[in-house]
Amino acid sequence: MYRFLLTPRWWGINLFVVLAIPFCIFMGTWQLGRFEDRVQTHDAAEKQPAPGTRPAKPIDDLLPVDTVTSGRPATATGRYADQFLVPGRELDDKSGFYVLNMLRTDSGKALPVVRGWLPGKPGHTSVPAAPTGEVTVTGDLQASENAGTAGVDAVGGLPDSQLGMISAASLVNLVPYDVYDAWVTLQDTGSSGALRPVPAAVPQGTGLDLKAFQNLGYTGEWFVFAAFVLFMWFRLVRREAEAARDLKLGLVEDTEAEADTNTVADPADSNMSVGKA
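Being a predicted model, the structure only gives us computed values, none of them experimental.

Calculation rules
Residues numbered from 1 in each chain as written. Predicted model: local features only at pLDDT ≥ 70, side-chain atom pairs only at ≥ 80, totals over all residues. Heavy atoms only, no water. Helix = DSSP H or I, 4+ residues; strand = E, 2+ residues; numbered from the N terminus. Buried < 20%, exposed > 50% of the residue type's maximum accessible area, 1.4 Å probe, protein only. Contact = heavy atoms within 4.5 Å. Areas by Shrake-Rupley, 256 points an atom, 1.4 Å probe, with all protein chains shown as cover. Core = buried A, V, L, I, M, F, W, Y, C linked by side-chain atoms within 4.5 Å. 1 Å grid on protein atoms, 1.4 Å probe; cavity = no way out; pocket = protein on both sides within 12 Å on 5 of 7 lines; lining within 4 Å. Points joined across faces, edges and corners; volume = space filled by probe spheres on them. Nonpolar A, V, L, I, M, F, W, Y, C, P; charged D, E, K, R; others polar. pLDDT = per-residue confidence, 0-100. Pairing = 2+ DSSP bridges.

**Here we look at the overall build of the protein**
From N to C terminus, the protein includes four helices and six strands. Buried positions account for 36% of the 277 residues belonging to the protein. Within the protein, residue pairs in contact and separated by at least 24 positions form 66% of the contacts whose partners lie at least 6 positions apart. Only carbon and sulfur atoms are counted for the fraction: they give 57% of the accessible area of the protein, which is about 16,000 Å².

**Quick word on unusual backbone geometry**
The peptide bond linking Leu-63 to Pro-64 adopts the cis configuration, its omega dihedral lying at -5°. Following the sequence through the fold, Pro-64 ends up in the loop between strand E1 (57-58) and strand E2 (73-91). Of note, Asp-92 is a non-glycine position whose phi angle comes to about 55°, a positive value. Residue position: Asp-92 is located in the loop between E2 and strand E3 (94-105). We classify Asp-92 as exposed; its relative accessible area is 55%. In this structure, Ser-161 takes a positive phi of about 70° despite not being glycine.

**Considering the nonpolar core**
In this structure, Phe-84, Tyr-98, Leu-100, Met-102, Val-114 and Ile-166 are the most contacted members of the largest nonpolar core, which totals 18 residues. For this core, the secondary structure elements donating two or more residues are E2, E3, strand E4 (110-119) and helix H2 (168-171). Setting aside anything within four residues of it in sequence, one finds Tyr-98 in contact with Phe-84, Leu-85, Val-86, Arg-89, Val-114, Gly-116, Trp-117, Ile-166 and Val-198. Ala-76, Leu-103, Ala-182 and Val-184 belong to the second largest nonpolar core, which has 16 residues in total.

**Points about the layout of surface pockets**
Estimates place the volume of the largest pocket at around 540 Å³. In terms of residue count, the dominant contributor to the lining of the largest pocket is E2 (four residues). Per-class residue counts for the lining of the largest pocket are eleven nonpolar, nine polar and four charged.

**Some details on the confidence of the model for the protein**
For the protein, mean pLDDT is 82; residues scoring 70 or higher make up 81% of the total. A low-confidence stretch, residues 270-277 stays under pLDDT 50, and its non-local contacts, those more than four residues away or across chains, total ten contacts.

**Considerations on the pairing of E3**
Burial within E3 is extensive, with nine of its twelve residues counted as buried. Here E2 runs beside E3; their pairing, made up of eleven bridges, is antiparallel. Bridging across to E3, Glu-90 finds its partner in Ser-95. Two successive antiparallel strands, E2 and E3, enclose a turn made up of two residues, where Asp-92 displays a positive phi of approximately 55°. Inspection of the sheet shows E3 paired to E4 by nine bridges, in the antiparallel sense. Looking at E4, one finds that Asn-101 is bridged to Val-113. Hairpin connection between E3 and E4: a loop of four residues separates the two successive antiparallel strands, and Gly-108 in this loop has a positive phi of roughly 100°.

Dropping the structure here:
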């Protein structure tokens, strides 16, 4: 009754099923592993002391920035140089901009320092002057921003002395010196009180955010797809076995059985094509 499974057409169907199910299980397991890694990273971050409560270290000792060093207080000594305003940044649901100064260190490299946040738009709000002479700053360490960071203006076309993204890649074309691939945000913005401190952002990939639950959702989709492929295979086998049985019992003629088999085959091919896509 099941000799049809050895026909060329069924060899193709069987091969697709044999390859599709392990692939779906592999992809589902991989997505589940990604979710579990995020959960473990989140748990580890919860058990560690808050980054801002740890003792400050020189900037060079904390690089490169990772999930452990992000948010740690970093110190650097130098002189303030170029100043940039970073528009389109919100604080407490208010629109404003960051005030960023390049701190030229003795090594020759410059550290981007966000001195604080001001409400309004650049050019319409008075900006307190940066301290002169040699200064030592202590700020929370942050990784360079990218196009996916909230508030980043990756389109460009900003006026001179304005910056859309705080990163070494965007600054290297604006200043004639090397730039650290990191930046710090000061929590002590000075005695003027005009600048408000910018809180350090949580390191990317350490929280149970939307991406983490997307991984969990993809896990379910891959396992459901594997079950769907197996269900369709059993369904097609059963229908063709019933057609072969009816033919053997003489309940249908050969031409009717052949037509019925072709009718079964067409939806199978289309269903498999939809599943494959």
